[in-house]
Amino acid sequence: MSALLVPPGRVSRERGRGTTLRTITARTYRAFLASPEGASLGAGFLQLPSWADVKEDWRAQLLGWGPDPEAGALEGVALVLLRQLRGTRKYFAYLPEGPVADWSDPDLDGWLDPLLEHLRRTGAFAVRIGPSPAYRSWDAAVLKPLAAPGRRLGDVLASEVDPLGTAVADRLRARGWRRPGGDGAGAHGDAQPRHVFRVPLAGRTTQDLWSGLNQEWRRNVRRAAREGVEVVVGGPAELPEFHRLLGITERRDGFRLGRSLAYYERQYAALNAEEPGRMKLYLARHGGEVLAAHTMITVGRRAWYQTGASADHRREVRPSNALQWRMLSDAHALGADVYDMRGVPSTLDPAERAYGLLRWKLGTGGRVVETLGEWETALGGSANHTLHRAFQAYLNRR
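Since we're looking at a predicted model, the values are computed, not measured.

(A) Seen up close, the environment of Leu46. Following the sequence through the fold, Leu46 ends up in the loop between helix H2 (36-39) and helix H3 (51-54). Each C-alpha atom, one on Leu46 and one on Arg30, is 13 Å from the other, the two residues being 16 residues apart in sequence. In this structure Leu46 touches Trp51, Leu79, Pro96, Glu97, Gln192 and Arg342, once residues within four positions along its chain are discounted.

So this is what it looks like as structure tokens:
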């Protein structure tokens, strides 16, 4: 369903700065993201207006704040997804990997408080956000030799700690925000991955990227080429085959995304209607058969490997390595600054099944980044706090 663009109603203002918070149109929202000011904030695909069309079971609002939001004079934007709590007129508000804001702004309350007040008046009993700053990161070269029984990422000294991420976490915590899964590195509760894997592209040549792959990856990519693996960009007609392979992958690797074919068809249509080529489906063929299929999404100067699927047979011809090298190369050619391979586990224990995914991504020579994760708060009043506790208990039972 389309985003529910609520007509501009009550106005919230930041004191002393003349900044206004209002609902805005998708056109105004997109124009801001495309502007130099908006592009510098690095919005992810989960904060695009088109993502509201993907999440059909949620209502959506597009919000913007700045000197004159309706005229396009903006400082930040947010896609808010609203899920109604059964039996009530109240909503859980979710801003996946958002809002799109300047988190280094010393006046955090200046734009965050009006946002929360607007959501409270909309009927939300609680809100979950995903601040964009990173917390800390580990280079692949540091992690690979440190794999050991029982070891986790948090046991290893980080290659870099982001002072902004640390400051934002402290400021949110002081204002009563809490992580839904707790503060521990192995805690669960976030809807989006807290640990992601990113390959830096800015300032690097294609040869630099090739040299950054470890020996095993280079060998596998070469083998795929020798075996005749062909990588092509498919289209919506190949989505059923992608979804079939995804089911095989889920059964083999012991996870379940639970997404229907219709979900991916809706996603492909919505993102590409917003900007042609925004979501691409890459296929690895061998002997006329599709052995692997991966999706890539690009927004501005960022690219994401979103979902991967592969067959159980002929894995020795390394179709997934061939796909990733092509996608990495294409992201670089498009001018992306970073190629985000999305979630990785926090374990460094080779005996754990999940470690295999981390080990595979480490071979690209990038880095594991621990994001700030997601944060929740109830929106004032004893009734909202009670509903929030009940909602958390429900999620914990799932």
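(B) Spotlight on the packing of aromatic side chains. In total, this model carries 12 aromatic pairs according to the counting rule given. Between Phe45 and Trp304 the ring centres are 5.3 Å apart and the planes differ by 80 degrees, which places this aromatic pair in the edge-to-face class. One end of the pair, Phe45, is in the loop between H2 and H3; the other, Trp304, is in strand S13 (residues 302-310), with 259 residues separating them in the sequence. Relative accessible area serves as the criterion here: at 1%, Trp304 is assigned to the buried category.

(C) Just empty space enclosed by the protein, in detail. For the structure shown, the criterion picks out 1 cavity of 30 Å³ or more. Broken down by secondary-structure element, the contributors of at least two residues to the lining of the largest cavity are helix H11 (319-333) and strand S14 (338-343). For the lining of the largest cavity, the element with the highest residue contribution is H11, accounting for 3 residues. Residue classes in the lining of the largest cavity are distributed as 6 nonpolar, 2 polar and no charged.

Thresholds applied
Residues numbered from 1 in each chain as written. Predicted model: local features only at pLDDT ≥ 70, side-chain atom pairs only at ≥ 80, totals over all residues. Heavy atoms only, no water. Helix = DSSP H or I, 4+ residues; strand = E, 2+ residues; numbered from the N terminus. Contact = heavy atoms within 4.5 Å. Phe/Tyr/Trp six-rings, centres within 6.5 Å; stacked < 30°, edge-to-face > 60°. Buried < 20%, exposed > 50% of the residue type's maximum accessible area, 1.4 Å probe, protein only. 1 Å grid on protein atoms, 1.4 Å probe; cavity = no way out; pocket = protein on both sides within 12 Å on 5 of 7 lines; lining within 4 Å. Points joined across faces, edges and corners; volume = space filled by probe spheres on them. Nonpolar A, V, L, I, M, F, W, Y, C, P; charged D, E, K, R; others polar.

Just distances and angles here, no functional claims.
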